[in-house]
Amino acid sequence: MSTDVSSLTAQDLELLQRPLYGFLSVAGGPLPPQPRPVWFEVTAEDTIQLFTGPDTLKVRRLRRDPRASIVVTAPVGERERWLSITGRTTVEPDGAHDLAARLAARYWNLDDPARADDLAGILAADWVRLVIHPETVSRYMY
């Protein structure tokens, strides 16, 4: 295992650009932490972003304490590999719908009418964008 302060390597970016689930934990929650699976996107600025409802428990917790972490792992059948990113998180009021549309195209086949309808439902709702600003990056590759 290795740990770097806030830097993502080319191998990290390759893993993060795949349609994998991330497991998000926020500070101020129950002990032990209870991570939730999320869609996510790594940005050109090496931040991690995802979308969520503006009134969710995670948003309320992040407004009190902005620390969060996301863990991404390679799927079963591949060599063992994971990445953990922790840092300060901002709640952004803009860009969530565009992000949701990009992520839906990444994770779903939008030619499927049921998935296209699911996306239409998502786009009709209110969302905020969560942005994790990496402070610590830990990784393991076997």
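- As recorded in an unreviewed UniProt entry, the protein goes by Pyridoxamine 5'-phosphate oxidase and comes from Streptomyces noursei.

Description of unusual backbone geometry
Consideration 1: Phi angles above zero are rare outside glycine, and Asp46 is one such case at about 65°.
Consideration 2: Relative to the helices and strands, Asp46 resides in the loop between β4 (41–42) and β5 (48–52).
Consideration 3: You can call Asp46 partly exposed: its relative accessible area is 24%.

Considerations on the UniProt feature "domain: Pyridoxamine 5'-phosphate oxidase N-terminal" (unreviewed entry) in the protein
Consideration 1: When the UniProt feature table is mapped onto this chain, "domain: Pyridoxamine 5'-phosphate oxidase N-terminal" (unreviewed entry) is found at residues 11–115.
Consideration 2: Segment residues 11–115 splits into 28% helix and 32% strand. End C-alpha atoms: 31 Å apart.

Things to note about the nonpolar core
Consideration 1: Residues Leu16, Leu24, Ile48, Phe51, Ile70 and Ile85 are the most contacted members of the largest nonpolar core, which totals 35 residues.
Consideration 2: Considering every element that reaches this core, the biggest residue donor is helix α3 (residues 96–107), with six residues.
Consideration 3: If we skip the residues at most four places from it in the chain, Ile85 touches Leu8, Leu16, Ile48, Ala68, Ser69, Ile70, Ile132, Pro134, Thr136 and Val137.

About the cut-offs
- Residues numbered from 1 in each chain as written.
- Predicted model: local features only at pLDDT ≥ 70, side-chain atom pairs only at ≥ 80, totals over all residues.
- Heavy atoms only, no water.
- Helix = DSSP H or I, 4+ residues; strand = E, 2+ residues; numbered from the N terminus.
- Buried < 20%, exposed > 50% of the residue type's maximum accessible area, 1.4 Å probe, protein only.
- UniProt positions renumbered as here; feature names shortened; annotations may be inferred.
- Core = buried A, V, L, I, M, F, W, Y, C linked by side-chain atoms within 4.5 Å.
- Contact = heavy atoms within 4.5 Å.

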